[in-house]
Amino acid sequence: MNPYTDKLVRRTTMVATVTAAYFLLTADYGPEPNVLDPIKNAILSAEQSVKEFVFRPHKESTEREKVKLASSNAEDHP
């Protein structure tokens, strides 16, 4: 097998194994606090970071929207 493909398969297998183990271990505990909460919090934090990175709002467009809203409010209420 190609070394690059072998490396990719190994990493994918490790990630899948860790993810499956996490879900299998936490399925029995339910919502009560347990030892795996720090891992769960890290996963949720990473998920939020990826979402913010991928779907982050453009600062210029939000600044323009704020200016437009402020000017429209000033026109509506003299």
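Here is what the cut-offs are and how they apply
- Each chain carries its own residue numbering, running from 1 in the direction its sequence is written.
- Under the rules for a predicted model, residues below a pLDDT of 70 receive no local features and side-chain atom pairs below 80 are neither given nor counted, while totals for whole chains, interfaces and linings still include all residues.
- As a convention, hydrogens and water are excluded, and side-chain values are obtained from all of the structure's heavy atoms.
- Patch membership is restricted to residues that have no salt bridge and whose relative accessible area is over 30%. Joining uses 9 Å for like charges and 5 Å for the nonpolar side chains Val, Leu, Ile, Met, Phe, Trp and Tyr.
- The Shrake-Rupley method, run with a 1.4 Å probe, gives the accessible areas here. Residue values count only the displayed protein chains as cover.
- The term salt bridge refers to a pairing of a side-chain nitrogen on Lys or Arg with a carboxyl oxygen on Asp or Glu at a separation within 4 Å.
- Only DSSP runs of H or I covering at least 4 residues are called helices, and only runs of E covering at least 2 are called strands; the numbering of each starts at the N terminus.
- Relative accessibility decides the category of a residue: with a 1.4 Å probe and only protein chains considered, values under 20% of the type maximum give buried, values over 50% give exposed, and everything between is partly exposed.
- Note: pLDDT gives the predictor's confidence per residue, expressed from 0 to 100.
- It only takes one pair of heavy atoms within 4.5 Å for two residues to be counted as in contact.

Asker: What should I look at first to understand a nonpolar patch on the surface in this one?
Answerer: A cluster of nonpolar residues, Val50, Phe53, Val54 and Phe55, forms a patch on the protein surface that exposes about 480 Å² of accessible area. Among the structural elements, Phe55 can be located in the loop between helix H2 (37–54) and helix H3 (59–76). Residue classification places Phe55 among the exposed residues on the basis of a relative accessible area of 66%.

Asker: Is there a simple way to think about the pattern of salt bridges in this case?
Answerer: When the charged atoms of two side chains with opposite charge come close together, those side chains can pair. Applying the stated rule across the entire model yields two salt bridges. Asp6 is paired through a salt bridge with Arg10; the nearest N and O atoms lie 3.4 Å apart. Remark: Arg10 and Asp6 occur in helix H1 (residues 3–27); sequence separation between them is four residues, near one turn of the helix. Residue classification places Asp6 among the partly exposed positions, given a relative accessible area of 25%. Lys51 is paired through a salt bridge with Glu47; the nearest N and O atoms lie 3.4 Å apart. Of this pair, Lys51 and Glu47 both sit in helix H2, four residues apart, which is roughly one turn of the helix. Taking the relative accessible area as the measure of exposure, Lys51 reaches 42% and is therefore partly exposed.

Asker: Would you mind going over the confidence of the model for the protein chain with me for this structure?
Answerer: Note: predicted coordinates in regions of low pLDDT should not be interpreted at a detailed level. Residues of the protein chain with pLDDT of at least 70 account for 64%, and the chain-wide mean is 76. The least confident element of the protein chain, judged by mean pLDDT, is H3 at 55; the most confident is H1 at 88. With pLDDT under 50 throughout, residues 73–78 is counted as low confidence; its partners more than four residues away or in other chains account for zero contacts.

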